[in-house]
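Analysis of the macromolecular model
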Amino acid sequence: LNPGFARAENNLGLALYAQNKLEPAEQAYRRAIQLGAESGVRSEQPYINLAELLIDHNRITEALVLLDTARQIDPKSDRVEQLRGRGFLAENRLPDAEAAFRAALAVKPESGVLHYQLGRVLKRLGKSDDARQEFERSKALLGTHSALPY
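Cut-offs applied
- Residues numbered from 1 in each chain as written.
- Predicted model: local features only at pLDDT ≥ 70, side-chain atom pairs only at ≥ 80, totals over all residues.
- Heavy atoms only, no water.
- Helix = DSSP H or I, 4+ residues; strand = E, 2+ residues; numbered from the N terminus.
- Rg over C-alpha atoms; globule rule 2.2 N^0.38 Å.
- Buried < 20%, exposed > 50% of the residue type's maximum accessible area, 1.4 Å probe, protein only.
- Contact = heavy atoms within 4.5 Å.
- Areas by Shrake-Rupley, 256 points an atom, 1.4 Å probe, with all protein chains shown as cover.
- Lys, Arg positive; Asp, Glu negative; His and termini not counted.
- Charge placed at Lys NZ, Arg CZ, Asp CG, Glu CD.
- Salt bridge = Lys/Arg side-chain N within 4 Å of Asp/Glu carboxyl O.
- Expected span 1.5 Å × (residues − 1).
- Phe/Tyr/Trp six-rings, centres within 6.5 Å; stacked < 30°, edge-to-face > 60°.
- Axes fitted to C-alpha atoms, helices over the stretch in contact; angles between N-to-C directions.
- Parallel < 35°, antiparallel > 145°, perpendicular 65-115°, else oblique.
- Left-handed = near helix turned anticlockwise from the far one by under 90°.
- Nonpolar A, V, L, I, M, F, W, Y, C, P; charged D, E, K, R; others polar.

**Points about the overall build of the chain**
Each helix and strand counted, the chain has eight helices and zero strands in total. Here the C-alpha radius of gyration of the chain, 16 Å, is about what a compact globule of 150 residues would show, namely 15 Å. Taken over the C-alpha atoms alone, the chain extends approximately 50 × 30 × 25 Å along its principal axes. Here the chain, with 150 residues, has 42% of them falling under the buried criterion. For the chain, the proportion of contacts with a sequence separation of at least 24, taken over those separated by at least 6, is 47%. Accessible surface, the chain as shown: approximately 8000 Å² in total, 49% of it carbon and sulfur. Each charge sign in the chain was given a centre, from 21 positive and 20 negative side chains, and these centres are 3 Å apart.

The following block contains the structure:
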């Protein structure tokens, strides 16, 4: 592993996170971010991956800051918007979650998971008819909701 190679550090973080080694994974992602900044070739990927780890472990505020940076690097990333939606949902910021999931769907309209996540937010907002439409779109794209991770 070349210690100066940001992509390798990011990939190391992915491997460590897959093994549930949270602290080493976080450190690898942070090194990847630092190396990208030092080299002038920043990628949104380590920001996204670190943000997902943080969201998964209820460190939402930190994650949203990272996602703002990732969004600056790649303003059209559906993954950034999906994670922002998850973060906002975790903080019960439902209008923000709705906006983020809609932004993700603008980039990736064929995602059944995104339609399902938007449906969940709309249901909590009391927008039952809109929620039902999103659940139907999700089911049409995925076939079933039983495989959904959220």
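**Some words on the side chain of Glu44**
Mapped onto the fold, Glu44 is located in the loop between α2 (22-39) and α3 (45-56). Summary of buried charges: Glu44 has no salt-bridge partner, and the nearest side chain of opposite charge, Arg42, is 9.1 Å away. Those residues in contact with Glu44 that sit more than four places away from it in its chain are Ala70, Ile73 and Asp74.

**Comments concerning α3**
With 12 residues, α3 should reach 16 Å at 1.5 Å per residue; the first-to-last C-alpha distance of 16 Å fits that figure. Burial runs high along α3: 10 of the 12 residues are buried. Taken residue by residue, α3 has Pro46, Tyr47, Ile48, Asn49, Leu50, Ala51, Glu52, Leu53, Leu54 and Ile55 as its buried positions. Next to the buried residues of α3 lie α1 (6-18), α2, α4 (60-73) and α5 (78-90). Looking at the residues trailing α3, positive phi occurs at Asn58, about 60°.

**Some details on the packing of aromatic side chains**
In this structure the tally under the stated criterion is one aromatic pair. Between Tyr116 and Phe135, the ring centres sit 5.5 Å apart and the planes meet at 50°, which makes this aromatic pair tilted. Pair noted here: Tyr116 is in helix α7 (residues 112-124) and Phe135 is in helix α8 (residues 128-142), with a separation of 19 residues, a long-range link. The exposure class assigned to Tyr116 is buried, which follows from its relative accessible area of 17%. By relative accessible area, Phe135 is classed as partly exposed at 21%.

**Brief notes about α2**
With 18 residues, α2 should cover 26 Å at 1.5 Å per step; its first-to-last C-alpha distance of 26 Å lies within 8% of that length. Among all positions of α2, only Ala25, Glu26, Ala28, Tyr29, Ala32, Ile33, Leu35 and Gly36 are buried. Looking at the buried residues of α2, the elements they touch are α1, α3 and α4. Within two residues after α2, Gly40 carries a phi angle of roughly 80°, on the positive side.

**Structural notes on the packing of α3 against α5**
To characterise two packed helices, one gives the angle between the axes of the helices and the distance between these axes. Look at α3 against α5: their axes get within 10 Å of each other, and the N-to-C directions meet at 20°. The orientation of α3 relative to α5 falls into the category roughly parallel. The two elements α3 and α5 meet at a crossing, and its hand is left-handed. Mapping the contact onto sequence places Ile48, Glu52, Ile55 and Asp56 in α3 and Arg79, Val80, Leu83, Arg86 and Gly87 in α5. Across the contact of α3 with α5, the residue classes tally to four nonpolar, one polar and four charged.

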